[in-house]
Amino acid sequence: MSRNKSILTEARQIERAVTLIKLGARLQVLESETDLSYERLLRLYKEVAGKSPSKGQLPFSTDWFMTWQPNIHASLFLNTHEYLNKVAALDEIDTVIKAYQLYVEQMASQGLEPLLSVTRAWRLVKFVDNGMLTMTACSKCGGHFVTHPHEIARHYVCGLCSPPARAGKGKLAGALGSESARGAAALAARSAVRSGD
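Each chain carries its own residue numbering, running from 1 in the written order of its sequence. The predicted nature of this model means local features are confined to residues of pLDDT at least 70 and side-chain atom pairs, given and counted, to a pLDDT of 80 or more, with totals for whole chains, interfaces and linings taken over all residues. Based on all heavy atoms of the structure, the side-chain values leave hydrogens and waters out of the count.

**A closer look at the overall build of the chain**
Then, in step 1: By the criteria applied, helices consist of DSSP H or I runs no shorter than four residues and strands consist of E runs no shorter than two, each listed in order from the N terminus. Counting secondary structure elements, the chain contains 7 helices and 2 strands.
Then, in step 2: Counted from the first residue to the last, the chain has its helices and strands arranged as α-α-α-α-α-α-β-β-α.
Then, in step 3: Note on exposure labels: buried denotes an accessible area under 20% of the residue type's maximum, exposed denotes more than 50%, and partly exposed covers the range between, all computed with a 1.4 Å probe on protein chains only. Expressed as a percentage of the 197 residues in the chain, the buried residues total 39%.
Then, in step 4: Entry remark: accessible area of the chain is about 11000 Å², with carbon and sulfur atoms responsible for 52%. What sets the accessible areas is the Shrake-Rupley method with a 1.4 Å probe; for residues, cover comes only from the shown protein chains.

**Here we look at the packing of aromatic side chains**
Then, in step 1: Between the rings of Phe, Tyr and Trp (Trp by its six-membered ring), a pair exists once the centres lie within 6.5 Å; its type follows the angle of the planes, with under 30 degrees stacked, over 60 edge-to-face, and the other angles tilted. In the structure shown here, the tally under the stated rule is 3 aromatic pairs.
Then, in step 2: Plain terms: the ring middles of Trp 64 and Phe 65 are 5.2 Å apart, the flat faces sit at 90 degrees to each other, and that makes the pair edge-to-face.
Then, in step 3: Residue Phe 65 is classed as buried on the basis of its relative accessible area of 1%.
Then, in step 4: The interplanar angle of 80 degrees and the centroid separation of 6.0 Å between the aromatic rings of Phe 65 and Phe 127 together place this pair among those described as edge-to-face. With Phe 65 in the loop between α3 (38-49) and α4 (68-87) and Phe 127 in helix α6 (residues 118-129), the pair connects residues that are 62 residues apart, well separated along the chain. In terms of burial, Phe 65 and Phe 127 fall into one category: buried.
Then, in step 5: The rings of Trp 64, Phe 65 and Phe 127 are connected pair by pair, giving a single aromatic cluster.
Then, in step 6: Residue placement shows Arg 120 over the ring face of Trp 64; its charged tip is 4.3 Å from the ring centre. A ring has a charge above it when a Lys NZ or an Arg CZ is no more than 6 Å from the ring centre and no more than 35 degrees off the ring normal.

**Overview of the nonpolar core**
Then, in step 1: The definition of a nonpolar core used throughout is a set of buried Ala, Val, Leu, Ile, Met, Phe, Trp, Tyr and Cys residues joined through side-chain atoms within 4.5 Å. Core analysis: the biggest nonpolar cluster contains 44 residues, and Leu 30, Phe 65, Phe 77, Leu 124 and Val 146 have the highest contact counts within it.
Then, in step 2: Mapped onto this core, the elements with two or more residues apiece are α1 (2-23), α2 (27-33), α3, α4, α5 (92-109), α6 and β2 (144-147).

**Some words on α5**
Then, in step 1: Each residue after the first adds 1.5 Å to the expected span of a helix. For α5, spanning 18 residues, the distance from its first C-alpha to its last is 26 Å, which sits close to the expected 26 Å at 1.5 Å a residue.
Then, in step 2: Along α5, the residues that are buried comprise Ile 93, Thr 95, Val 96, Ile 97, Ala 99, Tyr 100, Tyr 103 and Met 107.

**Let's talk about the environment of Val 48**
Then, in step 1: For Val 48, the position within the fold is in helix α3.
Then, in step 2: Val 48 sits in the partly exposed class, given a relative accessible area of 29%.
Then, in step 3: Taking the C-alpha atoms as reference, Val 48 lies 9.7 Å from Ala 17; in sequence the two are 31 residues apart.

**Quick word on the pairing of β2**
Then, in step 1: Paired strands, in this sense, are two strands between which DSSP finds at least two bridges. Note that strand β1 (residues 134-137) and β2 share 4 bridges and pair antiparallel. Considered in β2, the bridge of Met 135 is made with Val 146.
Then, in step 2: Remark: 6 residues form the turn of the hairpin made by β1 and β2, two consecutive strands paired antiparallel; Gly 142 in that turn has positive phi of roughly 85 degrees.

Next up, the structure:
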């Protein structure tokens, strides 16, 4: 029985690793979230992705999540993640995977490229778990957005309600025009309401 259990556990770990690789996760994420050896993960990565994994350090700063468009994308993901955490009995990494898949679907439905990679999404959850980032409700629209923990909630206004002067002027992938920004704001507000259920 224990042998069967270990085979099933290993199969689940491989399936999880394959899903993460297909979503574009870095090798360090796979190492952290599975019990598979580095050598097996490397072979698996090459087999699934058809190339060697990227080298270099993972993003480690919270600053990226505070800039205008990344903050909106990160907030959409994190609202979904928080909602799934409350309603679904999933392992933490499976919640990250499912929330990221839903985020990507939402971006596609808005005709946008996702700015948030699965590795950054994973790191965002770690930052929140460690108290380095949190969610704060916008005092205007009521949507919940990623902020630093010391943000004063009653004065906080999100980047959708008060966008920077040149917001939406560029043609960058993932750029939010006024229509998609309104859709994103509505989704963030709906997610906030669901999270409060």
